[in-house]
Amino acid sequence: MSQQPILNPGAAQLNYTNGVSIAAQPRTITFSEALSNKKLEDILISEVALKYIEKLPLADYLGMSLSPKMLVPFPQNPEAVRKYITGRLLGSGSWKTIGKAPIQAGINLMYLLDNCQLTINISEARLQQAQKASMAAILFSGNFNYNISQDIPEEARINQLKQALSFWQSDMVNFRDIVINKFLTAPEPVDTFQGGGSVFPTL
């Protein structure tokens with residue numbers, strides 16, 4: 001473990017040196033992993049979640065969500081973050097000029113995919129870097145939500161949950177593709193969209 005377990009009456013959290021964290025609270029357990037530059041085949045989080053399900057098959061599972069996040073820095077032009085959200089995504093309107101400071105905005109979008117429902121939240125963020133000043137960025141937060149049927153036998157519900165978990169790689173690839181090709185690809189060249197992004201998933 002990378003640190004001592006965090007325990008209190010309402011929650012518990014375990015953090016491991018490989019970047020995997022497990023947090024439990026009433027009715028929810030979250031498996032998360034810091035990816036950095038990991039390849040998809042090196043990600044451990046799905047195996048950890050699968051082992052948990054196999055060890056505790058009698059739990060009353062209601063659903064599963066894969067929650068990838070992509071942080072896209074704007075190092076050259078910090079104002080481009082706000083302009084991108086309020087200008088390009090939201091368009092024009094007098095509602096932008098209320099108050100004495102530039103409006104801050106976040107967007108929630110919902111999509112119905114073949115296997116699940118996808119929600120994407122887009123908001124302003126700051127990228128914190130060790131020994132460096134923070135940097136303006138856009139945070140894309142996704143949620144691939146899979147519901148588990150409650151009116152079927154227990155074994156069938158577990159199989160349904162495992163099947164949802166098996167989609168994690170395609171969901172990760174799909175999320176990155178949506179962010180890069182649907183949101184960050186401008187009709188004309190925009191140099192503030194250039195640069196890297198980081199993706200970190202939560203189950």
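Use the structure listed above.
Residues numbered from 1 in each chain as written. Predicted model: local features only at pLDDT ≥ 70, side-chain atom pairs only at ≥ 80, totals over all residues. Heavy atoms only, no water.

Colleague: Which residues make up the nonpolar core, and what are the values?
Modeller: Counting 41 residues, the largest nonpolar core has I122 and F140 as the members making the most contacts within it. In terms of residues, this core owes the most to one element, helix α4 (residues 168-183), which gives six residues. Ignoring anything within four residues of it in the chain, the contact list for F140 reads P68, K69, M70, V72, Y84, N121, I122, F175, V179, F183 and L184. (Core = buried A, V, L, I, M, F, W, Y, C linked by side-chain atoms within 4.5 Å. Buried < 20%, exposed > 50% of the residue type's maximum accessible area, 1.4 Å probe, protein only. Helix = DSSP H or I, 4+ residues; strand = E, 2+ residues; numbered from the N terminus. Contact = heavy atoms within 4.5 Å.)

Colleague: For the environment of N8, give the residues involved together with the corresponding values.
Modeller: Along the chain, the position of N8 falls in strand β1 (residues 6-8). Between the C-alpha atom of N8 and that of Q25, which follows or precedes it by 17 residues, the distance is 9.7 Å. Within the structure, N8 has its side chain in polar contact with the backbone nitrogen of G10 (distance 2.9 Å). Within the structure, N8 has its side chain in polar contact with the backbone nitrogen of A11 (distance 2.8 Å). (Polar contact = N/O pair within 3.5 Å; in protein donor to acceptor, adjacent residues only side chain to side chain.)

Colleague: Quick rundown of the packing of aromatic side chains? Include the residues and the values.
Modeller: Enumeration over the complete set of coordinates arrives at three aromatic pairs. Between the aromatic rings of F31 and Y52, the centroid separation amounts to 5.5 Å while the plane-to-plane angle is 70°, which identifies the pairing as edge-to-face. Of the two residues, F31 sits in strand β4 (residues 28-33) while Y52 sits in helix α1 (residues 45-55), which places them 21 residues apart along the sequence. We classify F31 as buried; its relative accessible area is 5%. Relative to F183, the ring of F140 lies with its centre 5.6 Å away and its plane at 50°, an arrangement referred to as tilted. Here the residue F140 occupies a position in strand β9 (residues 135-147), and F183 occupies one in helix α4, the gap between them amounting to 43 residues. Residue F140 shares its accessibility class with F183, and that shared class is buried. (Phe/Tyr/Trp six-rings, centres within 6.5 Å; stacked < 30°, edge-to-face > 60°.)

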